[in-house]
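The chain contents come next:
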Amino acid sequence: MKRILKPMSGNGSLVFKQNTRITQLGKSGRIQEAIQTFKNMSNKNTVSWNSMISVYAKNGKINDARHLFDEMPQKNLVSWNTMISGYSHNDQVHEAAKLFDEMPQRDNFTWTLMITCYTRNGELDKAKCLFDMLPDKQDPVCWNALISGYAKCQRVEEARRLFDEMPVKNLVSWNSMLAAYTQNELMDMGLKFFVQMEDKDVVSWNLMVHGFVQVADLESASLFFNRIPNPNVVSWVTLLSGYAKTGKIEEAKRIFEEMPEKNIISWNAMITGYMQNSQINDALKIFKGMPEKNSASWTAMINGYVRNGKLEKARELLEQMPSRNVTAQTSMISGYVQNMRIDDARQIFDQVGSRDAVCWNTMIGGYAQCGEMSEAIRLFKQMPRKNLVAWNTLIAGFAQSGQMDKAIEIFEEMKDKNLVSWNSMISGFTQNGLFLNALQYFVAMGKQGRKPDQSTFACGLIACANLAALPIGKKIQNLILKSGYGQDLYVTNALISMYSKCGRISKAEQVFRDTETVDIVSWNSLISGYALNGYGKEAVRIFEEMEVKGICPDQVTFVGVLSACSHAGLIDRGIKLFKLMTETYSIDPVEEHYACMVDLLGRAGKLEEAYKFVNEMPVRANAGTWGALLGACRMHRNADIGKIAAEKLFKYEPHKTSNYVLLSNIHAEAGRWNEVERVRTLMKERKVEKQPGCSWIEVKNRIRPFFSDDSAETRTTEVCEALTLLTLHARSTDFVPDIEPFQLDHG
DNA sequence: CTAGGGTTAG
């Protein structure tokens, strides 16, 4: 395009100056002055209008921009382009696309704008589609936009393909591709690529530093930083925030003091760093001493107070904040929500002027956490643009409150689902004891080509453990090995418990031994695994190994080892361990420990001692303890103590059939038939029925439910049949499970 | 007056 310069006579140069002034005022955020300048102009030209549109659009006033666009006397191509750019910056892809379709003619600029609009919004396939229609593909700008778009969606390989294909590359192209690696934690590839680059600017170096920061390799980050020829503020801040985020506050401070010019971002990063380290006073000192504050400074302080549990301080600051924004307010809301102060949270929420998705979701999640699902739903319905997180929050809420039927409803209604949606369903099922449903969803997920993560795998294993579904558990283990989650503690601990609950305790120990670094949960799982399988002495052996290695046992460890002793009849050992727990480790015994002890004494036939123990324990015995005593009485045919235990149990669990049956049997064996009759009458009076709980939910009539009073044998067979039908199959290159659907209509 | 790569607050 040729630019024809008019002679600088009188008005022409004035208009030019005024146009420039509008743009400049806009860039420094002085919108009102820009508007005044525009309004005062007597002879506006098209560029004036375009400039004003751009100022409005860049300051979030997209509707005002559109108004000018509609009103202006003469539009040129740039006007249309500016308007599209405005919509793009304000995330209104749809409006941008509408203009793109309507406009009379387009230039390369137009195409670039529309393509970048799509890439910014993550709509890469649309961007690519447009790109393929682009008449002139020489210009690298569109290519670059696409590459970075793919990179932000973790589609690194596609980005690389474009990079290799593009005819003309510039430094930005190389940097975009480098960012694809560094942003996706592919530092090996990134380093290789970086070495290949002939030209590097400070952006390239900064990308490397940031990449290393993201994988928490601060040593390499610092090494690279030191080799930057001309580090800029961004370089300094990147390293500084890296140290701050990883808790290395002293290093961060050093960088902060060394850096030649500090900007507001560096001050803010220091506040965050101090707050993360609970150094509230140091953070406050920075906050008070900094030359200027922006809303991020205030938010960092408020957020820091919230993280450190100082809600009142946070609130105080929020009230003082000059221009409260959603981010700060949301921080406050989440603080209240974490402390179950739902009414305070709501009060802030109601004050928020323009709520964003995070704000809505925090509040909805708050109600969900408090079990107030009806209010959560009410808010959800009010939420203007519901995103995936909002839907997932509802699922998690329903799952937590045991309403899996409602969770299913929500899940089915969703058009887009992500990994979190699936995991929330699967973990919801396992948490609510609906293990077959958990497996069904695990399978369905694989069929849709979704990759499971550590949470999916762990929940799948927990389901297998509870169904004693060893074949499936083994297949899941194969998938895990291929997935790279083989050393994840959450997963390995679930594996240990799966094998032990399926009776394969030696396999459980093998998994334990194959795990590079185990934690207390792993030890506990192994010990209680041995206990569960009746190998009391082995459980004690593991416990001793733990002691030798200097690992401190916790409450759960003792529940495991004590129950092991009781199952194996190691009475003296159990009593000694109980003493060890309370005296050496100063662990206060809880209900479960007492139940173990009562069980231990009871099984050994020392019923009088057990009963005495119950009466002398400092916490009030509940169902577990009385149940242990009742069981022991049945075993040793002690009707007197049995009756006492049963009466207590009836108070705690008035509708649990097995308690009545146990007592009735004890009386029967003692020949006390009138007592037997009394128990039966009691059952009738209290309407204790043998109605079992449904142990899974029927989903789309594909699964036949079974009931908990089916005999164990029938159940095992049924589950096995179901599970054999379900063939887990891992492809060698991919670990997405490719599984046949559940089919149980074999009758 | 309109386009592409990097940094901070949720």
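In this report, we go over the structure that sits alongside the text. (Residues numbered from 1 in each chain as written. Chains lettered and ligands numbered in written order. Predicted model: local features only at pLDDT ≥ 70, side-chain atom pairs only at ≥ 80, totals over all residues. Heavy atoms only, no water.)

Brief notes about helix H31 (residues 489-501)
Part 1: With 13 residues, H31 ought to run about 18 Å at 1.5 Å a step, and its terminal C-alpha atoms sit 18 Å apart, in line with that.
Part 2: Of all 13 residues making up H31, 10 are buried, and the element is well covered by its neighbours.
Part 3: Residues Val 491, Thr 492, Asn 493, Ala 494, Leu 495, Ile 496, Ser 497, Met 498, Tyr 499 and Ser 500 constitute the buried set of H31.
Part 4: Those residues of H31 that are buried are in contact with helix H29 (454-467), helix H30 (470-483), helix H32 (505-514) and helix H33 (520-532).
Part 5: Structurally, the start of H31 carries an N-cap: the backbone nitrogen of Tyr 490 is 3.0 Å from a side-chain oxygen of Asp 488.
Part 6: Phi turns positive, to about 85 degrees, at Gly 503, one or two residues after H31. (Helix = DSSP H or I, 4+ residues; strand = E, 2+ residues; numbered from the N terminus. Expected span 1.5 Å × (residues − 1). Buried < 20%, exposed > 50% of the residue type's maximum accessible area, 1.4 Å probe, protein only. Contact = heavy atoms within 4.5 Å. Polar contact = N/O pair within 3.5 Å; in protein donor to acceptor, adjacent residues only side chain to side chain.)

Quick look at unusual backbone geometry
Part 1: Its identity as a non-glycine residue notwithstanding, Ser 278 has a phi of 60 degrees, on the positive side.
Part 2: Mapped onto the elements, Ser 278 comes out in the loop between helix H17 (264-276) and helix H18 (280-289).
Part 3: Unlike most non-glycine residues, Ala 468 shows phi in positive territory, near 55 degrees.
Part 4: Looking at the secondary structure, you find Ala 468 in the loop between H29 and H30.

Some details on the protein's contact with DNA strand B
Part 1: Around DNA strand B sit 42 residues in total, of which Asn 50, Asn 170, Asn 175, Asp 201 and Asn 303 are the nearest.
Part 2: A distance of 3.3 Å separates a sugar or linking oxygen of DNA strand B from a polar atom in the side chain of Ser 51.
Part 3: At a separation of 3.4 Å, a sugar or linking oxygen of DNA strand B approaches a polar side-chain atom of Ser 176.
Part 4: Its residues placed into classes, the surface near DNA strand B shows 11 nonpolar, 24 polar and seven charged. (Near = heavy atom within 4 Å. Nonpolar A, V, L, I, M, F, W, Y, C, P; charged D, E, K, R; others polar.)

Observations concerning the environment of Gln 279
Part 1: Along the polypeptide, Gln 279 turns up in the loop between H17 and H18.
Part 2: The spatial distance from the C-alpha of Gln 279 to the C-alpha of Asn 308 is 9.4 Å, given a sequence separation of 29 residues.
Part 3: If we ignore the near neighbours within four places in the chain, the residues touching Gln 279 are Ile 249 and Tyr 274.

Focus on the packing of aromatic side chains
Part 1: In the structure shown here, the tally under the stated rule is 28 aromatic pairs.
Part 2: Ring geometry for Phe 163 and Trp 174: centres 5.1 Å apart, planes at 85 degrees, overall edge-to-face. Taken together, the residues span a long stretch of sequence, with Phe 163 in helix H10 (residues 156-165) and Trp 174 in helix H11 (residues 171-183) at a distance of 11 residues.
Part 3: Of the residues examined, Phe 163 reaches a relative accessible area of 2% and is grouped as buried.
Part 4: Ring centres of Phe 163 and Phe 193 lie 5.3 Å apart, and the angle between their planes is 65 degrees; this geometry places the pair in the edge-to-face category. With a gap of 30 residues between them, Phe 163 in helix H10 and Phe 193 in helix H12 (residues 187-196) connect regions that are remote in the sequence. The pair Phe 163 / Phe 193 is uniform in exposure class, with both members buried.
Part 5: An aromatic cluster is built from Phe 163, Trp 174, Tyr 181 and Phe 193, whose rings are joined through pairwise contacts.
Part 6: The side chain of Lys 75 reaches across the aromatic face of Phe 69, ending 5.0 Å from its centre. (Phe/Tyr/Trp six-rings, centres within 6.5 Å; stacked < 30°, edge-to-face > 60°. Lys NZ or Arg CZ within 6 Å of the ring centre and 35° of its normal.)

Concerning the packing of helix H28 (residues 435-447) against H29
Any two packed helices are characterised by the angle at which their axes cross and by the distance between the axes.
Part 1: Two elements in contact, H28 and H29, have axes whose closest approach is 9 Å; the angle formed by their N-to-C orientations is 140 degrees. As the angle between them shows, H28 and H29 are arranged oblique. H28 and H29 meet at a crossing whose hand is left-handed. On H29, the residues touching Phe 435, Leu 436, Ala 438, Leu 439, Phe 442 and Met 445 of H28 are Thr 456, Phe 457, Gly 460, Ile 462, Ala 463, Cys 464, Asn 466 and Leu 467.
Part 2: Among the residues making up the contact of H28 with H29, the classes are represented as 11 nonpolar, three polar and no charged. (Axes fitted to C-alpha atoms, helices over the stretch in contact; angles between N-to-C directions. Parallel < 35°, antiparallel > 145°, perpendicular 65-115°, else oblique. Left-handed = near helix turned anticlockwise from the far one by under 90°.)

Quick notes on the pattern of salt bridges
Part 1: What the rule picks out here adds up to 30 salt bridges.
Part 2: A salt bridge links Arg 324 to Glu 319; its shortest N-O distance comes to 3.8 Å.
Part 3: Arg 324 gets classed as partly exposed once you look at its relative accessible area, which sits at 38%.
Part 4: Ionic pairing is found between Arg 346 and Asp 350, a salt bridge with its closest N-O pair at 3.0 Å. Here Arg 346 pairs with Asp 350, and both are found in helix H22 (residues 342-351), just four residues apart, close to one helical turn. (Salt bridge = Lys/Arg side-chain N within 4 Å of Asp/Glu carboxyl O.)

Some remarks on the environment of Ala 645
Part 1: Secondary-structure assignment places Ala 645 in helix H40 (residues 639-652).
Part 2: For the pair Ala 645 and Asp 91, spaced 554 residues apart in sequence, the C-alpha to C-alpha distance is 67 Å.
Part 3: Ignoring sequence-local partners within four residues, the contact set of Ala 645 consists of Trp 626, Leu 629 and Leu 630.

Here's the deal with the environment of Ala 390
Part 1: With respect to the helices, strands and loops of the structure, Ala 390 is situated in helix H25 (residues 388-400).
Part 2: Between the alpha carbons of Ala 390 and Glu 591 there is a distance of 39 Å; along the sequence they are 201 residues apart.
Part 3: Setting aside anything within four residues of it in sequence, one finds Ala 390 in contact with Asn 361, Phe 380 and Met 383.

Section: the packing of helix H35 (residues 555-568) against helix H37 (residues 591-603)
Part 1: H37 packs onto H35 with a crossing angle of 10 degrees between their chain directions and a minimal axis gap of 8 Å. In terms of axis orientation, H35 runs roughly parallel to H37. Only Glu 592, His 593, Cys 596, Met 597, Asp 599, Leu 600 and Arg 603 of H37 make contact with H35, whose side of the interface consists of Gln 555, Phe 558, Val 559, Leu 562, Ser 563, Cys 565, Ser 566 and His 567.
Part 2: Looking at the contact of H35 with H37 residue by residue, the classes come out as seven nonpolar, five polar and three charged.

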